[in-house]
Every structure is written in C-alpha cells, then in structure tokens.
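Summary of structural features
Spelled out from the first residue to the last, the chains are:
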Amino acid sequence: MAAHTDRYQNAAARYFEAWNATGPEAVAKAVAAAWTADGGYTDPLADVRGHAQIAAVITAAHEQFPGFVFRPLGAVDGHHDTARFGWELVNEADGSAPVAGFDVVTLDDEGRIRQVLGFLDRVPSGA
C-alpha cells in the first residue's frame, strides 16, 4: 500500500512544483517532469493539452496572481491510476488564500499525469 501512496504523493509533489515554477524554462522543465507529452489540464477556466499549453495556463495564473504560490490543502488520496487533492493559492506576503480548489489526476504507469480535472471551490469576485 505504501508504494501506491508514494506514487500519488510524488505525482502531487511534481504537480505543485510545476505550478510554483517561475520563468519559462523552469515552468517548461517542471511541466515535462509532471505530465505525459500528451497530458491534459481541464478546469472551469481552461481546457488544454500538451506541455506548451499547460505551461501557458500556469504562466497566466502567475501573471494574474503575482507573489502567490500553490500549496496542498489536506492529504493526497488515490486508488488505481487516480489521485485527488485539495490546494490553495496563497499570498506569500500576507498568507491570505483567495483561491482554493480540488483536483483529480489520472496517472500513467510511471506516475506522470495524463489528465487533470480541476474544480474551483473558492474564487474572488471579479476573477
């Protein structure tokens, strides 16, 4: 059971590394480490496929929320090739977290993300 738990936690850790990477090269490298080449990301605001498009979504989030980082919220849970976890977008200056959500990811045999289905639980008005 621990091997499976590590698989889900490792996938989530790489996911957060990608979302918290800064600069085009770092984002591209982190996305390639986390997702399969044809991996996808879908949430209420985006539906993209492939490393370049996923990196563009991450870059856009950093542009909209400069000085914020994505942090896990609660434990990573999973079974078979699927994991789920909550997250918050936290302002590093004051600790506020105006955005929070929940993601479900499908993994390949090596633990890389094939698909993310994201849900936004808390979003500031006007965002």
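Per an unreviewed UniProt entry, the chain carries the name Nuclear transport factor 2 family protein and comes from Streptomyces tricolor.

A few words now on the pattern of salt bridges. Here the structure, examined in full by the defined rule, presents three salt bridges. Where Asp77 meets Arg84, a salt bridge forms, and the shortest distance between an N and an O atom there is 3.0 Å. Given the relative accessible area of 36%, Asp77 is considered partly exposed. Taking relative accessible area as the criterion, Arg84 reaches 42% and is therefore assigned partly exposed. With a shortest N-O distance of 3.0 Å, Arg122 and Glu88 are connected by a salt bridge. Taken together, the residues span a long stretch of sequence, with Arg122 in strand β6 (residues 113-122) and Glu88 in strand β4 (residues 82-91) at a distance of 34 residues.

Conventions adopted
- Residues numbered from 1 in each chain as written.
- Predicted model: local features only at pLDDT ≥ 70, side-chain atom pairs only at ≥ 80, totals over all residues.
- Heavy atoms only, no water.
- Salt bridge = Lys/Arg side-chain N within 4 Å of Asp/Glu carboxyl O.
- Buried < 20%, exposed > 50% of the residue type's maximum accessible area, 1.4 Å probe, protein only.
- Helix = DSSP H or I, 4+ residues; strand = E, 2+ residues; numbered from the N terminus.

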